[in-house]
Amino acid sequence: MAAIQQPAPANAAAAPRVEIFRTEHLRKSFRTPDGAELLVLDDVNMHLLEGEILVLLGRSGSGKSTLLRMLAGLVPKSGGVALHRGQPINGPVPGLAMVFQSFALLPWLTVLQNVELGLEALKVPPAERRARAIAAIDLIGLDGFESAYPRELSGGMRQRVGFARALVINPDVLLMDEPFSALDVLTAETMRTDLLDLWTERKIPTRGILLVSHNIEEAVLMADRIIILGSNPGRIINEMRIHLPHPRNRESQEFRDLVEVIYGAMTARPGGRDAARRQVPGIGLRLPSLSVNALAGLLEELDALEKNTANTRISLPELAEDMRFSVDDLFPLIEGAELLGFAQVEDGDIMLLPAGRTFVDGSLQERKQIFARHLLDRVPLVARIRSVLDERFNHRAPDSRFLTELEDHLSEDEARRVLDTAIDWGRYAEIYAYDDNAEVFSLDNPQAEA
Amino acid sequence: MALNFRPPPLPVPNRRDLIALPLIIALFFIVAHAGREMAVPFHLGQTLDISLSPAVLPEYGLYTVLRMLAALAVSFVFTLGYAWLAAHNRYAERILIPALDVLQSVPILGYLSITVTGFMALFPGSLAGVQLAVIFAVFTSQAWNMTFSLYQSLKTVPRDLQEAATLYRLNAWQRFWKVELPFAMPGLLWNTMMSMSGGWFFVVASEAITVSNQTVMVPGIGSYIATAIAQKDLPAIGWAIVAMIVIILLYDTLLFRPIVAWADKFKFEMTAAGDAPRSAVLDFLRRTRVLRLLAVIPSLLWQASVRLTPRVPLRAAAPASRRRWADGVFYAIVAVFAVWALARLLQVLPRDFGWPMVGHVILLGLITGFKVFVLVALSALVWVPVGVWIGLRPRWAQKVQPLAQFLAAFPANLLFPLFVVAIVHWHLNVDVWTAPLMILGSMWYILFSVVGAASAIPTDMREAAQNLGLRGWLLWKRLYLPGIFPGFVTGAITASGGAWNASIVAEVVSWGDKTLVATGLGAYISQTTAQGKTAQIALGVGVMSLLVILTNRLFWHRLYDLAQRRVRLD
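Predicted, not measured: the structure shown is a model, and the values here were computed from it.

**Focus on the overall build of chain B**
Along its length, chain B carries 22 helices and four strands. Against the globule reference of 25 Å for 570 residues, chain B gives a C-alpha radius of gyration of 26 Å, in line with a compact fold. Dimensions of chain B, computed from the C-alpha atoms along their principal axes, are close to 80 × 65 × 60 Å. Taken over 570 residues, chain B has a buried fraction of 38%. A sequence separation of at least 24 residues applies to 79% of the contacts in chain B between residues at least 6 apart.

**Quick notes on the overall build of chain A**
Counting secondary structure elements, chain A contains 17 helices and 16 strands. Over its C-alpha atoms chain A spans a radius of gyration of 25 Å, differing by no more than 12% from the 22 Å that the globule rule assigns to 450 residues. Each principal axis of the C-alpha distribution contributes one length, and for chain A these read about 80 × 50 × 45 Å. Of all 450 residues assigned to chain A, the portion counted as buried reaches 40%. Taking all contacts inside chain A whose residues are at least 6 apart in sequence as the whole, residues at least 24 apart take part in 70%.

**Things to note about the packing of helix α13 (residues 355-391) of chain B against helix α21 (residues 521-531) of chain B**
Residue and element names in this part refer to chain B. Two elements in contact, α13 and α21, have axes separated by 7 Å at closest approach and are oriented at 125°. Between α13 and α21, the angle is such that the two are oblique. Contact residues: V361, L364, G365 and T368 in α13; L521, G522 and Y524 in α21. For the contact of α13 with α21, the class distribution of residues is four nonpolar, three polar and no charged.

**Comments concerning unusual backbone geometry**
Glycine aside, a negative phi is what most residues show, and trans is what most peptide bonds show. Residues and elements named next belong to chain A. Omega for the peptide link from H246 to P247 comes to -10°, which places this bond in the cis form. Note on placement: P247 falls in the loop between β10 (235-241) and α8 (253-267). Although it is not a glycine, H395 adopts a positive phi angle of roughly 55°. The phi dihedral of E430 falls on the positive side, at around 55°, and the residue is not glycine. Tracing the backbone shows E430 in the loop between α17 (412-428) and β15 (433-435).

**Thoughts on the interface of chain B and chain A**
Across the boundary between the two partners, chain B contributes 26 residues, which contact 28 residues of chain A. Mapped onto the side of chain B that touches chain A, the elements with two or more residues apiece are α19 (459-467), α20 (472-506) and α22 (534-567) of chain B. The residue inventory of the side of chain B that touches chain A, partitioned by class, reads 13 nonpolar, four polar and nine charged.

**A few points about the confidence of the model for chain B**
If pLDDT is low for a region, its predicted coordinates should not be looked at in detail. Residues and elements named next belong to chain B. Put simply, chain B has an average pLDDT of 83, and 90% of its residues get 70 or more. Mean pLDDT per element in chain B: helix α1 (residues 15-38) is the minimum at 75, and α13 is the maximum at 92. Contacts for the low-pLDDT stretch residues 1-8, under 50 throughout, to residues beyond four places or in other chains number six contacts. Across residues 270-274, confidence stays below pLDDT 50; counting only partners more than four residues off in sequence or on other chains, it has zero contacts. Among the prediction metrics, the complex's ipTM stands at 0.76, with pTM recorded as 0.78.

**Re the environment of I50 of chain B**
Residues and elements named next belong to chain B. Positionally, I50 belongs in the loop between α1 and α2 (57-88). I50 gets classed as buried once you count the C-beta atoms within 10 Å, which come to 21. Separated by 178 residues in sequence, I50 and A228 have C-alpha atoms that sit 9.3 Å apart. With residues near it in sequence (within four places) discarded, I50 still touches M217, P219, S223, Y224 and T227.

**Describing helix α14 (residues 364-378) of chain A**
Residue and element names in this part refer to chain A. Given a rise of 1.5 Å per residue, 15 residues ought to cover 21 Å, and the 21 Å separating the end C-alpha atoms of α14 matches this to within 8%. Within the span of α14, buried status applies to K368, F371, A372, H374 and L375. Tucked into the core, α14 has its buried residues touching α10 (292-309), α13 (354-361), α15 (380-391) and α17.

**Points about the pairing of strand β1 (residues 208-211) of chain B**
Relative to strand β2 (residues 214-217) of chain B, β1 of chain B runs antiparallel, the two being bridged by four bridges. Opposite I209 of chain B, over in β2 of chain B, you have V216 of chain B as the bridge partner.

Reading the values: the criteria
Throughout this description, residue numbers start from 1 for each chain and increase along the sequence as written. Here every chain gets a letter starting at A, and every ligand a number starting at 1, in the order they are written. The predicted nature of this model means local features are confined to residues of pLDDT at least 70 and side-chain atom pairs, given and counted, to a pLDDT of 80 or more, with totals for whole chains, interfaces and linings taken over all residues. We count a stretch as a helix when DSSP gives it H or I for four or more residues in a row; a strand needs E for two or more, and each element gets its number in order from the N terminus. Taken over C-alpha atoms, the radius of gyration is set against a globule rule of 2.2 Å times the number of residues to the power 0.38. For every residue, the other C-beta atoms within 10 Å of its own C-beta are counted; 20 or more classify it as buried, 12 or fewer as exposed, and values in between as partly exposed. C-beta atoms are placed from the backbone. Distance between backbone-placed C-beta atoms decides contact: two residues are in contact if it is within 7 Å. Structural elements are reduced to axes, namely lines fitted to C-alpha atoms, with helices fitted over the stretch in contact, and the angle between N-to-C directions of any two is expressed from 0 to 180 degrees. Between 65 and 115 degrees an angle is taken as roughly perpendicular, under 35 as roughly parallel, over 145 as roughly antiparallel, and anywhere else as oblique. When residues are sorted by character, Ala, Val, Leu, Ile, Met, Phe, Trp, Tyr, Cys and Pro go into the nonpolar class, Asp, Glu, Lys and Arg into the charged class, and all the rest, Gly among them, into the polar class. The score called pLDDT rates the predictor's confidence residue by residue, from a low of 0 to a high of 100. Expected helix span is computed as 1.5 Å times (number of residues minus one). Pairing between strands requires that DSSP locate at least two bridges from one strand to the other.

This is the structure in C-alpha cells:
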C-alpha cells in the first residue's frame, strides 16, 4: 500500500495545540438478537485539536457516525478510552452541539422555539434566551422565519435551523453527521461555504469541528485533516493533512490530485491481517448489494471510456463524475466487478479484465453464461447452494438452511442481505430458481449449464 | 429470453400433506356438524340447557368461533359492495358515507336490542333466528370501519395505477379485483383485525341477552358465562376465561397470522421492507404439495369470471351540463326526504313519550358521557407514561405490543363477574366501581397506540434532545408528549368508542340473584331491552348515537386534525 501520510507541518509542532478529543483503542460492538457480538469499530486511535476541522471519511458501514456519537456521549463505548479535554466521556458531554443529516428538528415547534431548545435546557432566563436565539437566527441567515414551522421550510432552510440550534449554545465543538448529504448539490455547496466563512472569520466561538462524511470532495473542500475509515469492522486505514488555503478551488490541479489520492486510499486493498482474511473467501463472503443490471452498466461504461480515451486505466474520480455517482454508490459496484473477476482496481484506477470485456460484448445469453461461470467459481455461497440442490433428490432446499449457515459468519441482517444478493445473482445466471413465497430454492428452471 | 418452466408433474404428497390433508378434511366435518347444531328447534320461553362442565367448552368455543367467522364473511361481502358503490357512484357516495358515519356511532348492542325480536320472527320455532341476531350484532361491530377503510383506499388508488388499468382496458370487475382490492388490502386487513378484537366482546355479550323478560341464549362461551353468573359458579368462569385465551390465540395463529403474512405481497412498496410478517402455518401450507393444488381453484374461477364479464366499451364521460342537471334532481329528492323524515320524527316522538322523558334520557346520556371522559383521562394518565417508557425500549416494545393487542381482543365482559363479586362483597358504591368495567376492554388501545407512537419517534430527534441536554419535564413537554400525541388521539378515540359500547353491559351487572344497576344511558338501554319496550330502546340508542357523533365531531376529530397538522413534518 502506498503510504500517503504526510508529515505534520513544522510550525504546528512548535506550539503544541490543545487536544479536544482523544481516543485510544476505542472499540464498539453491538449484540445481535441471537447473542452474537458484532464489531463495528475496532482499535480507533484519533484526536481532534483546537482550531481544526477534522473530517471522518468512510463508506456506509464504516462506523463513522457511531464514532461521532460515541464522542458526543450519545452511544456508550464497548472498550478503549475516549476523552473530552482529558475527561472520560460517559454520557452526553455539555458544550457539544450536533448537526444531523435528517436535521432532527421538532416539527411541532417553530424555528425560534427549536433554536431556543438548547438554551431552555440550560435554564437560561427567557429574555436572554430569546435575544440569543434571534441573534443565532440572524447569523445563520434565517431572519423573517422565526415563527415558521419546519415543515414550511425547504431542506436547506431546515438545516440552517439545525445549525442555528447548534450554534446558539456557543458550543465548544461542532459535531456534524453528514449535514449536507440530504440537500441538493447547490444548496449543499452554499451551506458549506457559509459555514467555512463563519469558521475562518471567527464569527463563532467554536474551537473545533468534527465532520462525518462519505463525500470525498466535501472532505477535501473543508478539512484541515482527514481520517479515512475502512469497513467491516470500521477502523482507521489512513490519515492525511490538507494544506490548501481557503477558499479552495475544486477545479485546481492540487484539489483534483488530492481527491484522486483519497480515492486510491479508499479502494486500496487493506494490507496485513485483512489481506489474509480476504484471501479465504468462505461462504460468509460479504457480497455487495448490487443488481446485475447496475454491474452491466458499470462494465459497459468502462468499455466506452476505454474506447473513447484509448486508455485502459480509468481513474475512479473520473468514472464517478462520468456516471454521476457518489462514492457510496460507486464502491459496491467496483467491489462486485472485482469480486466476479470482471475488473481490477489499482492505485485508484480501474481497468476492465478480459472476462469483463467478453461480458460487455456478449449477447444476453452469453452474458448469463459467463456470469454463471464466474459466479460458481468465485462466490462460494452460490456454489454451495447449487451443490446442495444437486445432492437433494427433490432438488429443493429452504433458504433458512443457508441463512443459519451464514449467520455463523455474519450478523442476522447482514446474512439476510448477502443471501438476497446471492438469490438475485443466481436467478439471473439461472443457476437455481427461488420461490419467494415459500422461501425455497429449487432447480425447477435448470437452464444454466453449471 | 422467456424462462422455460417445465409443466409441473402431478405432485407426490409430501410429509406435510399427510399432516395437513386429514386436518382440513376433519375441519369440513366439524363445520358441517356445528352448522346442523346451530339451527336446532327452539321456542321463545324455552330455556336452553347450558352445561357448566369444562368438557363442553371446546364445543361451545367452536360455536362462538363459527359465529365470528360467519359475521366476518358477511362483513367482508358487505364491505366490498358498499365501499365499491360509494367510491364509484357520486350520488351513492353522498348518501352512503354520511350514513356510514351514523351507523358506526350506534352502540353495537343497540343493534341487537332493536333487531333480535325481528330475527326471531323470521325463523319461528328455530334457534336460527337468534343465531342470526348474534351474527348480525357481531357484523355491526366489524363492518363499518372495514367499509371506511376500503372506501378510503379506493378513493386513493394512485393515479398511475388507474391510468394503467384504463389503458389496458380492464373492465370494472377486473379493475376491482386486480387493481383496487389488492391496493386496499393492507389497510382493509388491519381494520379487519381491529374489528375482530372488538368482535369477541360483542359475541360474548350477545350470546345471552334478556328480551321481553325472557332470557334468550345460544350455546357458546357467552351463554356459558351467563349461566355461570346465574349459578354463582366461580370455577366455571375461570374455565371460560382459559378457554377464551386459547381460542383467541388459536384464531390468531391459524387464521389471522397466515392471512397477514400472505397479504404482505400487496404492500404498495417496490422496495422490500426489512421485517416481513411471518407465519409458520402459512409456510407449512405453502410447502405442502397436494394441498397447494387447491390454489388453482380461485384462478379457475377468476378466468371463468373474466370470460363472463363484458369488455370495456369505448365511451366518453357524461358532459358537465347534464351532470349539473342530475345533481339538482338528486339534491331535491334528498331534501324532500330529509324534511319528511324530520317531520315524522317530531310527530312520533311526543306520542310515545313526553319531552320530559327525552330530557331524562339525555341527562342519563350525559352522565355516561362524563364517565367515559373521566375513564379515558384516567387511563391516559396511567398508560401514556407506561407506553412511552416501553416504546422507547425496542426490546420491551416488541414483547408488549402483541400482549396489548391480545388484551384488547380479550372480551373484558368475561372478567365482569370478578368485579361484581368484589363490589357485592365489600358493599362498594355501584356508580363508581362499575365504571372501570366500561374501559376495561378498550384502554389497551391507548397503551397499544402510545407504544407504537413512542417507538416511532426518530432516533435522530431523541439524540438531538439528548445532545441539547433536555431532561425531565422539559424532555416530556418538548419531545415525548408532542411525539406521541397523534398516536394517543387514535388510541383514545378507539378507547372512548369502546367504553360507550361497553356501557350497555357494564352499567347493569349481576352475580346470581344480585343485580347492580349504575346510573347511566347504558343501564337505561339494557333495562328497556329486558322489558321489551321498543320505543324506549330506540330513544336510548338514538340519544347515545347522537352523543357519540357529537363528541366525535366536536372533540375527537378536532384533536385528530390538530395532531395531524402540528406533528406532520412535510
